[in-house]
Amino acid sequence: MSIVKQVILNADEELRYPTPGELRMIRTFCKTGAERIRLAQTLEQQAQVIVDRGTRKFWQICPRTPSNSGNRRKTEAAKRDMGWYVRLISYCLLAGDDRPLREIGLVGMKELYNNVGIPLTNILQYMRCLKAEANALLDETDAAAIVPYFDEIIQELALPGSPYFMNDGVGESESVA
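Being a predicted model, the structure only gives us computed values, none of them experimental.

> Before we move on, can you summarise the nonpolar core with the specific residues and values?
Looking at soluble globular proteins, one finds that nonpolar side chains tend to be buried together. Counting 35 residues, the largest nonpolar core has Met82, Met127, Ile146 and Ile153 as the members making the most contacts within it. Secondary structure elements with two or more residues in this core: helix H3 (33-61), helix H4 (72-95), helix H6 (109-115), helix H7 (120-137) and helix H8 (140-158). Excluding anything up to four places from it in sequence, Met82 contacts Val51, Tyr113, Ile123, Tyr126, Met127 and Leu130.

In structure tokens, the structure reads:
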């Protein structure tokens with residue numbers, strides 16, 4: 001959801017007009033629109049290079065991994081998935097915040113990789129390699145705009161999942177993790 005939509009929904013829910021601070025946020029969002037679009041287009045144009053170079057760098061660090069097993073289907077699937085994260089970062093640039101990551105990209109990410117038997121440490125390292133390659137390809141200002149989104153993905157992969165709790169109906173909930 002864009003910042004404009006969020007401001008409107010918040011104001012409407014509270015039966016008021018947007019505050020001066022909210023209007024400044026919208027103004028800033030609009031002023032930076034052309035730059036965010038330019039950077040999203042740059043990311044689109046460089047996505048394949050970022051993924052290819054990031055993949056080669058990842059294979060140097062983790063040579064024994066399914067994507068480097070000689071199985072073309074696994075290699076293509078890994079590159080497709082990493083390209084999806086680069087595209088997701090471009091969505092964040094266009095939205096002006098990390099909502100696309102939180103609402104589309106990070107939901108169930110760890111569970112998916114665990115279910116298909118891909119070690120999270122590999123995905124974490126792969127993402128670090130993509131971040132490094134994006135940093136190397138972009139100028140300092142552009143790189144600074146995308147690094148927080150890579151960092152958010154990396155942080156999500158690195159942190160343990162939330163514990164599951166069981167409530168027996170009496171007293172406090174107990175962790176079952």
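Read on, since the account is not over.
> Requested: an account of the pattern of salt bridges, with residues and values cited.
One pass over the full model with this rule turns up 11 salt bridges. Arg16 is the partner of Glu22 in a salt bridge, and the nearest nitrogen-oxygen pair spans 2.8 Å. Arg16 sits in the partly exposed class, given a relative accessible area of 27%. With a closest N to O distance of 2.4 Å, Arg38 and Glu35 form a salt bridge. Taken together, the positions of Arg38 and Glu35, both in helix H3 and three residues apart, correspond to about one turn of that helix. The class of Arg38 is partly exposed, set by a relative accessible area of 31%. Connected via shared salt-bridge partners are Glu14, Arg16 and Glu22.

Rules behind the numbers
- Residues take numbers from 1 onward in each chain, read along the sequence in its written order.
- For a predicted model such as this one, the threshold for reporting local features is a pLDDT of at least 70, and the threshold for listing and counting side-chain atom pairs is 80 or more; totals across whole chains, interfaces and linings nevertheless cover every residue.
- Hydrogens and waters are ignored; side-chain quantities use all the structure's heavy atoms.
- Put simply, a nonpolar core is a bunch of buried Ala, Val, Leu, Ile, Met, Phe, Trp, Tyr and Cys residues held in one set by side-chain atoms that sit within 4.5 Å of each other.
- Burial classes follow relative accessibility: with a 1.4 Å probe on protein chains only, a residue under 20% of its type's maximum area counts as buried, one over 50% as exposed, and anything between as partly exposed.
- Secondary structure is summarised from DSSP: a helix means a run of H or I of at least four residues, a strand means a run of E of at least two, and numbering begins at the N terminus for each.
- The contact criterion used is simple: two residues touch if any of their non-hydrogen atoms lie within 4.5 Å.
- We define a salt bridge as a contact between a side-chain nitrogen of Lys or Arg and a carboxyl oxygen of Asp or Glu at a distance within 4 Å.

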